[in-house]
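The primary structure of each chain is shown beneath.
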Amino acid sequence: MSVVTLADAWPKPGEPFTVSDLDRMPDDGHRYELLDGTLIVSPAPGPPHQRVAVMLCHVLELACPEDLIVFPNVGVRIGPRSALEPDVVVARPADVSGARLARPPLLVAEILSPDSALRDLNLKKAAYERFGIPSYWVIDPDLEQPGLRAFELVSGVYREVAQVTGDESFHAGRPFPVEIVPSRLVAKLRIR
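To keep things clear, this report deals only with the structure shown in the data block. Everything numeric here is computed off the predicted structure, so don't read it as measured data.

All right, on to the pattern of salt bridges then. Here the structure, examined in full by the defined rule, presents seven salt bridges. Between K124 and E110 there is a salt bridge; the shortest N-O distance is 3.4 Å. Note that K124 is positioned in helix α4 (residues 117-131) and E110 in strand β8 (residues 107-111), a separation of 14 residues in sequence. Residue class for E110 comes out buried when judged on its relative accessible area of 1%. Linked by salt bridges that have partners in common, R92, D95 and R103 make up one network.

Relative to each other, helix α3 (residues 47-63) and helix α5 (residues 182-190) sit at 130°, their axes nearing to 9 Å. Relative to α5, the element α3 is oriented oblique. Crossing angle aside, the handedness with which α3 passes α5 is right-handed. Taken together, the residues of α5 that come into contact with α3 (itself represented by P47, P48, R51, V52, M55 and L56) are R184, L185, V186, K188 and L189. Residues that form the contact of α3 with α5 fall into these classes: eight nonpolar, no polar and three charged.

Here we come to the side chain of S135. You can see S135 is positioned in strand β9 (residues 135-140). Among the residues examined, S135 registers a relative accessible area of 0% and is labelled buried. Discounting chain neighbours no more than four positions away, the residues touching S135 are L106, L107, V108, F151, E152, Y158 and R174.

Conventions used here
Residues numbered from 1 in each chain as written. Predicted model: local features only at pLDDT ≥ 70, side-chain atom pairs only at ≥ 80, totals over all residues. Heavy atoms only, no water. Salt bridge = Lys/Arg side-chain N within 4 Å of Asp/Glu carboxyl O. Helix = DSSP H or I, 4+ residues; strand = E, 2+ residues; numbered from the N terminus. Buried < 20%, exposed > 50% of the residue type's maximum accessible area, 1.4 Å probe, protein only. Axes fitted to C-alpha atoms, helices over the stretch in contact; angles between N-to-C directions. Parallel < 35°, antiparallel > 145°, perpendicular 65-115°, else oblique. Left-handed = near helix turned anticlockwise from the far one by under 90°. Contact = heavy atoms within 4.5 Å. Nonpolar A, V, L, I, M, F, W, Y, C, P; charged D, E, K, R; others polar.

Next comes the structure, spelled out in C-alpha cells:
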C-alpha cells in the first residue's frame, strides 16, 4: 500500500480542484474541503472546538427523532467542485450513501476557530444557502462568552432567527425541537 501525498492529489496545472481530487487527499490530520474549486486546508481543531462538537452532537442526539441521524464531521457534496465538512450535521438516513451526503442535510453547524470565522460566516454560509440547507448554526466556543447564531432558509435566503450567548437558551424548532444553551457546551472546560 502506497502513501498518498498532497502532490499526488493535486490537479493538473491551471485546472480547479474537483471532488474527485479531494477524495485523493492524504489522511494526515488536516481537514480538506473544497469550495468552488478552491482547496481549503484547516489544521486539526483544538480542544474547545472538539468539546463543543461532542456536546452539540450529544444534545442533538438526545432530542433527535428516530427518522433522522446526527453526524460529526461528515462530508457534504455541494457540487462537482464543492464539498464541505461541517462540524455537525443532521440528515435523513436516505441521504447517506458513499463518502459524503449528496443531498442537502436538514442542519449544518460550524464551530468557529480563529482561522475559520470569516469563512464560516461568509463563504460557507453562502454555499450552504445556495445548496438549500434549511438550518445553519454557527457556534462560538469562547470560554468566557460562548455563543450561537442560528439561520433559517426563508425563500432561498438565510435569515438570522436567533443569537444567544452564555446562559441564554436557543429553542430550535427545526430540524426538530431542541434547546441549546451555549454555556453548557463549554461547561467542563470552564472548571479550573
